[in-house]
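Summary of the model geometry
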Amino acid sequence: MNTLKTFMLLAAMTALFMGLGYLIGGAGGAMIAFVVAAGMNFFAYWNSDKIVLRMYSAKRVDETTAPNYVGIVKQLAARANMPVPAIYVIDNPQPNAFATGRNEENAAVAATTGLISMLSPEELAGVMAHELAHIKNRDTLTMTVTATIAGAISMLANFALFFGGNRNAGGMVGAIALAILAPMAAGLVQMAISRTREYSADRGGAEICGNPMWLASALERIDEAARRGAPNEAAEANPATAHMFIINPLNGSGRDNLFSTHPATANRIAELRKFAEATGAVQRRPWH
């Protein structure tokens, strides 16, 4: 169901993008929009992971520099039957983590120093399993594509505002409406895709680490710490990357509203508890 929903949302965003190009320049405008989008997606496909990691000044670590953290990720990757991703640490007190990369062979996970120092080994395993699930589900590529298309839509909307739309779009009045409404619609679709993929990664992460309650406990702790702690300045400067993190680094609200990049943490925990009860994994056995 989540995969179908994601496909439908991606189709809606693509249709919005092509429709915007057509309203600005007719059939020719739609073709130009397609070519621009293809070029942006090609660049994002090959370079998005490097750009994001550099944006957060992430440093690669190994078993010598971060033995416990790296060891957990390696064990989880073996459980998930996938290659070990490149492992990074971000020097930031806000507890958070994300995954990036175009596929399992070219992926990376990053956790903040705040996350590593605050969580127990079991909770850290739950979080990093969630990130590995994103990689295994190819969510990192999906979100890169949606972010790129959303950016292209905003670019086209600004173009329409500056040069005016064609007569079929109502001229300048239509262009102003497009410039305001199209990026908003694209942002809503992008956020909806992000929320859908988080639920899937929660479940996948629970399966990888073997205990849904580890991730549930971690989500509860890091959500509370993120809300009351210092802001993530790098994320505040680059809000388009907020959807990548396991918890909204910009601080979210208490429900799954249209304008949130993540599902409400309470809802995610409730789903994990249901999954734990259904699988009989309620007991919090220690990580090993």
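See above for the structure.
What comes next concerns the included structure. Quick caveat: nothing in here was measured; it's all calculated off a predicted structure. (Residues numbered from 1 in each chain as written. Predicted model: local features only at pLDDT ≥ 70, side-chain atom pairs only at ≥ 80, totals over all residues. Heavy atoms only, no water.)

Relative to the assigned elements, Ala77 resides in helix α2 (residues 67–79). The class of Ala77 is buried, set by a relative accessible area of 0%. The spacing of Ala77 and Met128 is 51 residues in sequence and 9.5 Å in space, taken between C-alpha atoms. Every residue in contact with Ala77, bar those within four places of it in the chain, is listed here: Met82, Pro83, Val84, Pro85 and Leu132. (Helix = DSSP H or I, 4+ residues; strand = E, 2+ residues; numbered from the N terminus. Buried < 20%, exposed > 50% of the residue type's maximum accessible area, 1.4 Å probe, protein only. Contact = heavy atoms within 4.5 Å.)

This brings us to the side chain of His130. As for its placement among the helices and strands, His130 is situated in helix α4 (residues 121–136). Given a relative accessible area of 0%, His130 falls into the buried group. Within the local environment of His130, its side chain forms a polar contact with the side chain of Glu198, the two groups lying 3.1 Å apart. (Polar contact = N/O pair within 3.5 Å; in protein donor to acceptor, adjacent residues only side chain to side chain.)

This part takes up the nonpolar core. Side chains that are nonpolar tend, in soluble globular proteins, to be buried together. By size, the foremost hydrophobic cluster in this structure holds 45 residues, and its most contacted members are Tyr69, Leu76, Val109, Leu115, Val127, Met128 and Leu132. Secondary structure elements with two or more residues in this core: α2, β2 (86–90), β3 (97–103), β4 (106–112), α4, α6 (171–209), α7 (212–228) and α9 (265–279). Setting aside chain neighbours within four positions, we find Tyr69 in contact with Val61, Ile87, Tyr88, Val89, Val109, Ala110, Ala111, Ile116, Leu124 and Met128. Ranked by size, the runner-up nonpolar core spans 13 residues in total, among them Tyr88, Ile90, Phe98 and Phe245. (Core = buried A, V, L, I, M, F, W, Y, C linked by side-chain atoms within 4.5 Å.)

The subject of this paragraph is the pairing of β4. Across the 7 residues that make up β4, a large majority, 6, are buried. In terms of strand pairing, β2 meets β4 through 5 bridges, oriented parallel. Bridging from a neighbouring strand, Tyr88 pairs with Ala110 of β4. Bridge analysis of β3 against β4 gives 6 bridges, and the strand direction is antiparallel. The residue of β4 that forms the bridge with Ala97 is Ala111. (Pairing = 2+ DSSP bridges.)

Its location among the elements puts Leu53 in helix α1 (residues 2–55). Along the sequence, Leu53 and Ala99 sit 46 residues apart, while their C-alpha atoms lie 9.7 Å from each other.

In this model, α2 (13 residues) spans 18 Å end to end at C-alpha, consistent with the 18 Å of a helix rising 1.5 Å per residue. Directly beyond the C-terminal end of α2, a positive phi value near 55° is found at Asn81. (Expected span 1.5 Å × (residues − 1).)

Another aspect to go through is the side chain of Thr112. Residue placement: Thr112 occurs in strand β4. The class for Thr112 is buried, based on a relative accessible area of 1%. A polar contact of 2.6 Å, which involves the side chain of Thr112, links it to the backbone oxygen of Gln94. Reaching out from Thr112, the side chain makes a polar contact with the backbone nitrogen of Leu115 at a distance of 3.1 Å.

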